[in-house]
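Overview (structure and organization)
Residue strings, one per chain:
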Amino acid sequence: MSRALFLMFVLFKGRKPTGMLTALVAVWLVCWGGAPVLADEAGAQANRQFIQAMQLVRKANGTYDAAEETRLLAEADRLLGDIITRFSDTDLAVQLVTNQFVGDFDFYEFRTRLRAMVCTDQQSTKCFVFRIGNILPPVEIPINAARWDWLSLAVANHLFGDPGRAKEIIAPFLSAVRRGVANGGTDRDLYVSMALALTGQPDLALDLTRKISDCATRIYNLNDVAQAALWQGERERAAALAEEARVFAVAHTCVAEFGLVVRTLRDAGAEAAAGAVFAAALEAQAAAAKDNNAVVWPPELVVAAAEVGDPAQALVRLRGVQDEAAWTVPAVLGRLVKRGEGGRAQSYAEALQDADQRGEAYAELIERFLANDERPAAEVLMAKLAKLAADDGQRRPTLIAERARAEKALYRDERWRPSFQQAVTTAENASGLIRREIGGPLISILVRIETGLPMLD
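Residues numbered from 1 in each chain as written. Predicted model: local features only at pLDDT ≥ 70, side-chain atom pairs only at ≥ 80, totals over all residues. Heavy atoms only, no water.

1. Here's the deal with the side chain of Thr328
Where we set the bar: Secondary structure elements are taken from DSSP: a helix is a run of H or I of four residues or more, a strand is a run of E of two residues or more, and numbering for both begins at the N terminus. Here the term buried applies to any residue with accessible area under 20% of the maximum for its type, exposed to any over 50%, and partly exposed to those in between, with areas from a 1.4 Å probe on protein chains only. Residue contacts follow a heavy-atom distance rule, with two residues in contact if any of their heavy atoms lie within 4.5 Å.
Inspection of the secondary structure puts Thr328 in helix H17 (residues 328–338). For Thr328, a relative accessible area of 0% corresponds to the buried category. Apart from the residues lying within four places of it in its own chain, the contact partners of Thr328 are Pro299, Val303, Leu318, Val321 and Gln322.

2. Topic: the packing of aromatic side chains
Each aromatic ring pair is specified by the distance between its two centres and by the angle formed by the two planes. Formally: Any Phe, Tyr or Trp ring, taking Trp's six-membered ring, that has another such ring centre within 6.5 Å forms a pair; planes under 30 degrees apart are called stacked, those over 60 apart edge-to-face, and the others tilted.
A full pass over the atoms with the stated rule returns 7 aromatic pairs. When the ring of Phe128 is compared with that of Trp416, the centres are 6.2 Å apart and the planes differ by 55 degrees; the resulting orientation is tilted. Of the two residues, Phe128 is situated in helix H6 (residues 125–135) and Trp416 in helix H22 (residues 416–428); the sequence distance between them amounts to 288 residues. Taking relative accessible area as the criterion, Phe128 reaches 0% and is therefore assigned buried. Here Trp416 falls in the buried class, since its relative accessible area comes to 0%. Here Trp416 and Phe420 contribute two aromatic rings whose centre-to-centre distance is 6.2 Å and whose plane-to-plane angle is 75 degrees, an arrangement assigned as edge-to-face. Placement of the pair is Trp416 and Phe420 together in helix H22, with a separation of 4 residues, close to one helical turn. One exposure class covers both Trp416 and Phe420, and it is buried. Ring-pair connections join several aromatic residues into one group, and the members of that group are Phe50, Phe105, Phe107 and Phe110.

3. Comments concerning helix H23 (residues 432–451)
To keep things clear, this is the line we draw: Here a helix's expected span is defined as the number of its residues, less one, multiplied by 1.5 Å. Note on bend: at a given residue it equals the angle between the axes fitted to the 7 residues ending there and to the 7 starting there.
For H23, spanning 20 residues, the distance from its first C-alpha to its last is 30 Å, which sits close to the expected 28 Å at 1.5 Å a residue. At Ile438, H23 shows its largest bend, some 40 degrees, and a proline, Pro441, comes one to four positions later. Of the positions making up H23, those classed as buried are Ile438, Gly439, Gly440, Leu442, Ile443, Ser444, Ile445, Leu446, Val447, Arg448 and Ile449. Elements that come into contact with the buried residues of H23 comprise H6, helix H7 (148–159), helix H19 (355–371), helix H21 (397–411) and H22. Positioned one or two residues after H23, Gly452 has a phi angle of 80 degrees, which is positive.

4. Things to note about the environment of Cys254
If you trace the backbone, Cys254 turns up in the loop between helix H12 (235–251) and helix H13 (258–267). Note: C-alpha distance between Cys254 and Cys215 (39 residues apart in sequence) is 5.7 Å. Once residues within four sequence positions are removed from consideration, Cys254 is found in contact with Cys215, Ile219, Phe248 and Ala249.

5. Quick look at the state of the cysteines
Quick reminder of the rule: Counting rule for disulfides: a pair of cysteine sulfur atoms within 2.5 Å.
Applying the stated criterion across every chain yields a total of 2 disulfides. A disulfide bridge connects Cys119 with Cys127, and the sulfur atoms are separated by 2.0 Å. Its S-S torsion of about 100 degrees marks the bond between Cys119 and Cys127 as right-handed, since a negative value means left-handed. Residue class for Cys119 comes out buried when judged on its relative accessible area of 18%. Covalent S-S linkage joins Cys215 and Cys254, the inter-sulfur distance amounting to 2.0 Å. With the S-S dihedral at roughly -65 degrees, the linkage between Cys215 and Cys254 falls on the left-handed side. In this pair, Cys215 is assigned in helix H11 (residues 215–231) and Cys254 in the loop between H12 and H13, connecting sequence segments 39 residues apart. With relative accessibility at 1%, the residue Cys254 sits in the buried group. When the cysteines of the chain that form disulfides are numbered from the N-terminus onward, they connect as 1-2, 3-4.

6. What about H22?
Spanning 13 residues, H22 covers 19 Å between terminal C-alpha atoms, matching the ideal 18 Å at 1.5 Å per step. Turning to H22, its buried residues number three or more, namely Trp416, Arg417, Ser419, Phe420, Gln421, Ala423, Val424, Thr426 and Ala427. Here the buried face of H22 lies against H6, H21 and H23.

Right under this line is the structure:
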């Protein structure tokens, strides 16, 4: 008998039970004996739910109906998640949340199986996202660099119906940026702010951005958040961010980023301000050329030149940057087509030696020709892209994916899906080197196909 119970026995020995006595006994039961009882009950309830979940899993294992299998596994997942939430103090909850085996049950494998159920339709967008996620190289722990491929995967998950998964991916990268350990300990933030802006967290993205002093990162982030605002219909916010980027670039002499500021201002509708910044950028390049006649323009300025400068000069400058900044090729050529310079752009694209670069350029030009209502030119390039993918696609899955992108633009139906499925399958069966590099581009192309926007590209 406990000391407290003995004292109560002595004090109330021989007395008739009263309300006060009953209340004191109840208090003792809660304070001295209730906690173990409640803990035991929580453990018992958690065990009961676990058994219910395992029964559902067994039923799922025994059905041929894919929809029924998905329903049973989802209900089992709900019960297991409820154990973690409601009975978090139990040993069973700890085992589940730390992905330990419970008997022969592997919770991590179960969750993976549940996510894989999206592939009951192998040509669905969600299935493509799941399969590409399995291609990506694992994130190295501890995180010391932002990963464009994984952050692109997060954006895709958010866009295509799994925001919870998106947060799980972004959170550790965000934490690394906050601790200052990403990208070699600098204050640079590559892609994290953009991913946040595209998943509904623009204020958090701007909070990170405004703590960064590095010219390139600060202005790129402001541009990215402004672009996300435009895609979401927030033109006033985009205009304010474009002006913020201009002011910062001028105040900190971020000459290399002037071209990016020009593009941001133009997209936001500030044509006059964009023209003034472009003129200043040209003056800076002319001054640099006095000391070095072979000076290479910054890639961002080359793209800006394709938009507002002399087309011939833009193509000359493109040759100087396309090897180091391959993304500039479709960016420049697409803008030239938009300005009515389709002949120049097509000739340049057909002369490209790298097959991947040429395929991406063709897909970009097809979209731009269609936007200009020049369907015959788009169909000519479609035939060339299809042949390129047929000839070299087994070694270059991105060519097949670019063909899928062009098919979506040209036909506006679902015939792109078998092509993209072929691209993913080819990537899964490719060498380790190709697999390591292919996931990010595939996600980028998929998002472009489904939204018409480059997103994290």
